[in-house]
Amino acid sequence: MNHDTNNHIQVTLCREEEAHIICNMYPYYLYDLSEIWERQPNSQGIFDEEQYATLHQQSDAFLIWWRHPGVLYPWIIRVNGVPAGFALIATPPYIPDGSHAQYYLNEFFVMRPFRGQGVAQQAAIHVFDQYRGDWELQTNASSRNHHTQSFWNNILSQYTEDQYSKREITDEDQQQLLSYCFNNQQKNE
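The following paragraphs examine the structure supplied in this document. (Residues numbered from 1 in each chain as written. Predicted model: local features only at pLDDT ≥ 70, side-chain atom pairs only at ≥ 80, totals over all residues. Heavy atoms only, no water.)

### Details of the overall build of the chain
Rules: Numbering of helices and strands runs from the N terminus; a helix is a DSSP stretch of H or I covering at least four residues, while a strand is a stretch of E covering at least two. Radius of gyration: C-alpha atoms only; globule rule: 2.2 Å multiplied by the number of residues to the exponent 0.38. Contacts are assigned to residue pairs that have any heavy atoms within 4.5 Å of one another.
Looking only at helices and strands, the chain features 4 helices and 7 strands. In the chain, the succession of helices and strands from N to C terminus is β-α-α-β-β-β-α-β-α-β-β. For a compact globule of 189 residues, the expected C-alpha radius of gyration is about 16 Å, and the chain comes in at 16 Å, within 12% of that figure. By principal-axis analysis of the C-alpha atoms, the chain measures approximately 50 × 40 × 30 Å. Sequence-distant contacts, at least 24 apart, represent 60% of the contacts inside the chain between residues at least 6 apart.

### A few points about the environment of Ala61
In this fold, Ala61 is placed in helix H2 (residues 55-62). In this structure, the C-alpha to C-alpha distance between Ala61 and Cys23, residues 38 residues apart in sequence, is 9.9 Å.

### Side note on the pairing of strand S2 (residues 72-79)
Which entries qualify depends on this criterion: Accessibility here uses a 1.4 Å probe with only protein chains present; expressed as a share of the type maximum, an area under 20% marks a residue as buried, one over 50% as exposed, and anything in between as partly exposed. Paired strands, in this sense, are two strands between which DSSP finds at least two bridges.
Counting buried positions along S2 gives 8 out of 8 residues, so the element sits mostly inside the fold. Residues Leu72, Pro74, Ile76 and Arg78 of S2 are buried on one face, and the alternating residues Tyr73, Trp75, Ile77 and Val79, pointing to the opposite face, are buried as well. Bridge count between S2 and strand S3 (residues 82-90): 8 bridges; the pairing is antiparallel. Opposite Arg78, over in S3, you have Pro83 as the bridge partner.

### Looking at the sheet that holds strand S4 (residues 103-110)
Where we set the bar: For helices, the fitted axis covers only the stretch in contact; all axes are lines through C-alpha atoms, and the angles between them, taken along N-to-C directions, range from 0 to 180 degrees.
Across the sheet, which stays open at both edges, the 7 strands sit in the order S1-S2-S3-S4-S5-S7-S6 with mixed pairing between neighbours. Across the chains shown, the open sheet's two edge strands, defined by having one partner strand only, are strand S1 (9-13) and strand S6 (164-170). Averaged over neighbouring strand pairs, the angle between their axes works out to 25 degrees when direction is ignored. Note that strand S5 (residues 134-140) and strand S7 (residues 176-183) share 7 bridges and pair antiparallel. Its bridge partner lying in S7, Asn140 is registered against Leu177.

### Here we look at the nonpolar core
Note the following rule: Working definition of a nonpolar core: buried Ala, Val, Leu, Ile, Met, Phe, Trp, Tyr and Cys residues. They are joined through side-chain atoms within 4.5 Å.
By size, the foremost hydrophobic cluster in this structure holds 52 residues, and its most contacted members are Ile89, Leu105, Phe108, Phe128, Trp135 and Trp152. Looking at this core element by element, the count peaks at 8 residues for helix H1 (residues 19-37). What Trp135 contacts, discounting residues up to four positions off in sequence, is Ile89, Ala101, Tyr103, Tyr104, Leu105, Val127, Phe128, Tyr180, Cys181, Phe182 and Asn184.

### Things to note about the environment of Tyr28
Along the chain, Tyr28 falls in helix H1. Through-space distance from the C-alpha of Tyr28 to that of Gly85 is 9.9 Å; in sequence the pair is 57 residues apart.

### Points about the packing of helix H3 (residues 119-130) against helix H4 (residues 146-160)
Our working rule: The labels follow the angle: roughly parallel below 35 degrees, roughly antiparallel above 145, roughly perpendicular from 65 to 115, and oblique for the rest. Two helices cross in a left-handed way if the nearer one is turned anticlockwise from the farther one by less than a right angle. They cross in a right-handed way if the turn is clockwise. Charged means Asp, Glu, Lys or Arg here, nonpolar means Ala, Val, Leu, Ile, Met, Phe, Trp, Tyr, Cys or Pro, and polar covers whatever is left, Gly included.
The contact between H3 and H4 brings their axes to 11 Å, and the two run at 50 degrees. Accordingly, the angle class assigned to the pair H3 and H4 is oblique. For the crossing formed where H3 meets H4, the hand is right-handed. In this structure, H3 uses Ala120, Gln121, Ala124, Ile125, Phe128 and Asp129 to contact H4, whose residues at the interface are Phe151, Trp152, Ile155, Leu156, Gln158 and Tyr159. Of the residues assigned to the contact of H3 with H4, the class counts are 9 nonpolar, 2 polar and 1 charged.

### Considerations on the packing of H1 against H2
At a minimum axis distance of 10 Å, the contact between H1 and H2 shows a crossing angle of 110 degrees. The angle between H1 and H2 falls in the class roughly perpendicular. Taking contact as the criterion, the partners of Ile22, Cys23, Tyr26, Pro27 and Leu30 in H1 are, on H2, Leu55, Gln58, Ser59 and Phe62. Residue classes in the contact of H1 with H2 are distributed as 7 nonpolar, 2 polar and no charged.

### Quick word on the side chain of Ser179
Let me state the cut-off plainly: Pairs of N or O atoms within 3.5 Å make up the polar contacts considered here, provided that, within protein, one atom can donate a hydrogen while the other can accept it, and that residues adjacent in sequence are counted only when both atoms are side-chain atoms.
With respect to the helices and strands, Ser179 occurs in strand S7. Take Ser179: its relative accessible area is 0%, and that puts it in the buried class. Reaching out from Ser179, the side chain makes a polar contact with the side chain of Glu136 at a distance of 2.6 Å. Apart from residues no more than four positions distant in its own chain, Ser179 is found in contact with Glu136, Leu137, Gln138, Ser165, Lys166, Arg167 and Ile169.

Read these as layout, nothing more, since geometry by itself doesn't imply function.
Dropping the structure here:
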């Protein structure tokens, strides 16, 4: 996938021996989310649950993504060979309760130096094209998350030719989310 002559964008399944690359980016993702969710770090300075005292502990828990091949799919996004982000795709039973999706975009992240260059759009489309069926993704419904909401509205409008649904839901933690659902079974390859 090429966005322009300057950037070579590569989106591949992340092998377990490269899991540390996504684990290295994950704290930046949580840091970015802290603004949207208005969350502070735990007592150890980590943007995650209190049980994690070190980034190493957080990474160990995150390795579930490489323990269930064929069910959980960790994708790494690179630009000109440099790690730029990730997309984590889950299938049942690792999707939210109440979801009827076959594929759930659990986490999607592009690091700041690679934003605004079409990287996220190309990566999202590439990952969606790898799995055909019913999809769901969720994002924070607050106005603090306007940029992400616009991104998904634009991508899904183009990708599905406006054949997607969006609704506000409340998760088990009473957080307001926007749920986006679509089916790409008939999408032209």
